[in-house]
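Chain by chain, the residues:
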Amino acid sequence: MHQILISHPSEFDLYIPQILAAVPASKLIFLHGELGAGKTTFTQRLGKYLGVTRPIVSPTFTYIREYDAKDQRKLYHLDLYRFVGNIDDIFPAPDLDQVAYICIEWPERVPELLLQPHLDITLSYHAETERNIVW
């Protein structure tokens, strides 16, 4: 387990390669934390690292957004905070050869997801402008 403290979103950039080294072959990254803890911000910084050029915004009401990485693979960003139902209805299993990473906020809302190999990242408030990141 690793733990870091950041005081600015750009500091994620220093740790993304280390974090990605821990992601399993499923390419699943589960993001945990309170509202506003930095889950979408992490995904934005990951997108920047992957060469995504479109703005990455929270998929709170659409549940899922898809972005093209520089290498033509896809970055998927799911927010399941308000989701009720079967995950396959909104996100059929993608071809992993075409996937860079799949970031899922609030994965605990769909318990069957937790059975898949994944990397858990927990973000929490340390101070008003600092976040504690554990993976």
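Engineer: Got a minute to help me understand helix 2 (residues 39-50) in this structure?
Structural biologist: In an α-helix, one full turn covers 3.6 residues, which means residues spaced three or four apart are oriented alike. The first and last C-alpha atoms of helix 2 sit 17 Å apart over twelve residues, in line with the 16 Å expected at 1.5 Å per residue. As for helix 2, its buried residues are in contact with helix 1 (12-20), strand 2 (28-32), strand 4 (74-79), strand 5 (99-105) and strand 6 (119-127). Looking one or two residues past helix 2, G51 carries a phi angle of roughly 85°, positive in sign.

Engineer: Explain the pattern of salt bridges here, please?
Structural biologist: Pairs can form between side chains of opposite charge whenever their charged atoms are close. A full pass over the atoms with the stated rule returns five salt bridges. R45 is paired through a salt bridge with D13; the nearest N and O atoms lie 2.5 Å apart. Taken together, the residues R45 in helix 2 and D13 in helix 1 connect sequence positions 32 residues apart. Overall, D13 belongs to the partly exposed group, its relative accessible area being 27%. Measuring nitrogen to oxygen at the nearest pair gives 2.4 Å for the salt bridge that ties D68 to K74. Residues joined in a network through salt bridges with shared partners are D13, R45 and K48.

Cut-offs used in this document
Counting of residues starts from 1 at the beginning of each chain's written sequence and follows it residue by residue. At least 70 in pLDDT is required for a residue's local features to be given in this predicted model, at least 80 for side-chain atom pairs to be given and counted, and no such filter applies to totals for whole chains, interfaces and linings, which use all residues. The basis for every side-chain value is the complete set of heavy atoms in the structure, and neither hydrogens nor water enter the calculation. Strands are runs of DSSP state E lasting at least 2 residues, helices are runs of H or I lasting at least 4, and numbering of each runs from the N terminus. Here the expected length of a helix is defined as 1.5 Å per residue gap, with one fewer gap than residues. We call two residues contacting when some pair of their heavy atoms lies within 4.5 Å. We count a salt bridge whenever a side-chain nitrogen from Lys or Arg sits within 4 Å of a carboxyl oxygen from Asp or Glu. Any residue under 20% of the maximum accessible area for its type is buried, any over 50% is exposed, and the rest in between are partly exposed; the area is computed with a 1.4 Å probe on protein chains only.

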